[in-house]
Amino acid sequence: MRALSSSDTRQRLLDSTERLIYQGGISATGMDLIVKSSGVARKSIYRYFNSKEDLVAAALSARDQRWMEWFIQASSKAHHPDENLLSTFDALETWFATPDFRGCAFINAAGEIGDVDAPVRIVAKEHKIKLHAHLRELTSKCVGPDADQLAAEFLILIEGAITVALIMGDKNSARQAKIMATKLLSIAKENNQPL
């Protein structure tokens, strides 16, 4: 049996930690559970991460990268900018239907950490900034000068749809948010027409 490389060990730690905190939360995920789930000795964990908080922040950073890649790809397939923008809600609907859907990992994690300067809160904020930037890129192709406002509105619709899907169990929230988004896009386009 071959020994795991340090990158394999680190990746196993990140994968296990991400899965466990997404399923049960940061507080409910103790180091013993991470050790058991990952198969990595506690002593080895501290070779890679100074603390549980650093491990959780790194796991969330990895999730951010993977989630954003998926979301960007899912909202870049159409041939028309309006369709790409609105497809963000189709991507959410697909995600909500997955059996392991537990809401937004970043909102969930940030809700457990009181210190706004804690690494976990910083990763969560950075994720939302990246999401907003992607929406800004999409909206700029649809409405020009009103792109900032429309991107902020779409971010709120997305966050609301995720929350309603998790808390209320309403997997149709993405579809409902898409209806509202279509109206907002239409209004923004009307406001950009020359007089």
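Residues numbered from 1 in each chain as written. Predicted model: local features only at pLDDT ≥ 70, side-chain atom pairs only at ≥ 80, totals over all residues. Heavy atoms only, no water.

Caption draft 1: A look at the nonpolar core. If you look at the biggest cluster of nonpolar residues, it comprises 48 residues, and the most contacted ones within it are Leu60, Leu92 and Phe96. For this core, the secondary-structure elements that each account for two or more residues are helix H1 (6–24), helix H4 (52–74), helix H5 (81–96), helix H6 (105–112), helix H7 (119–143), helix H8 (147–167) and helix H9 (173–191). Here this core takes ten residues from H8, the largest share from any one element. With sequence-adjacent residues up to four places away left out, leucine 60 is seen in contact with Ile21, Ala105, Phe106, Ala109, Val120 and Val123. Formed by eleven residues, the second largest nonpolar core is a distinct cluster that contains Leu14, Val40, Ala58 and Ala59. (Core = buried A, V, L, I, M, F, W, Y, C linked by side-chain atoms within 4.5 Å. Buried < 20%, exposed > 50% of the residue type's maximum accessible area, 1.4 Å probe, protein only. Helix = DSSP H or I, 4+ residues; strand = E, 2+ residues; numbered from the N terminus. Contact = heavy atoms within 4.5 Å.)

Caption draft 2: Quick look at the layout of surface pockets. Of the volumes computed, that of the largest pocket is approximately 170 Å³. Broken down by secondary-structure element, the contributors of at least two residues to the lining of the largest pocket are H4 and H5. For the lining of the largest pocket, the element with the highest residue contribution is H4, accounting for four residues. In terms of residue class, the lining of the largest pocket is made up of four nonpolar, two polar and three charged. (1 Å grid on protein atoms, 1.4 Å probe; cavity = no way out; pocket = protein on both sides within 12 Å on 5 of 7 lines; lining within 4 Å. Points joined across faces, edges and corners; volume = space filled by probe spheres on them. Nonpolar A, V, L, I, M, F, W, Y, C, P; charged D, E, K, R; others polar.)

Caption draft 3: The arrangement of empty space enclosed by the protein in detail. Within this structure, the stated rule accounts for one cavity of 30 Å³ or more. Counted as a void, the largest cavity has a volume near 30 Å³. Around the largest cavity, the lining residues are Arg63, Trp67, Trp95, Cys104, Ala105, Phe106 and His127. Breaking the lining of the largest cavity down by element, the ones donating at least two residues are H4 and H6. A class-by-class count of the residues in the lining of the largest cavity yields five nonpolar, one polar and one charged.

Caption draft 4: Expanded view of H5. Counted at 1.5 Å a residue, the expected span for H5 with its 16 residues is 22 Å, and the 24 Å between its end C-alpha atoms agrees. At serine 87, H5 is bent by approximately 30°, the largest bend along its length. When H5 is considered as a whole, its buried residues turn out to be Asp82, Asn84, Leu85, Leu86, Ser87, Thr88, Phe89, Ala91, Leu92, Trp95 and Phe96. (Expected span 1.5 Å × (residues − 1). Bend = angle between axes of the 7 residues up to and from the residue.)

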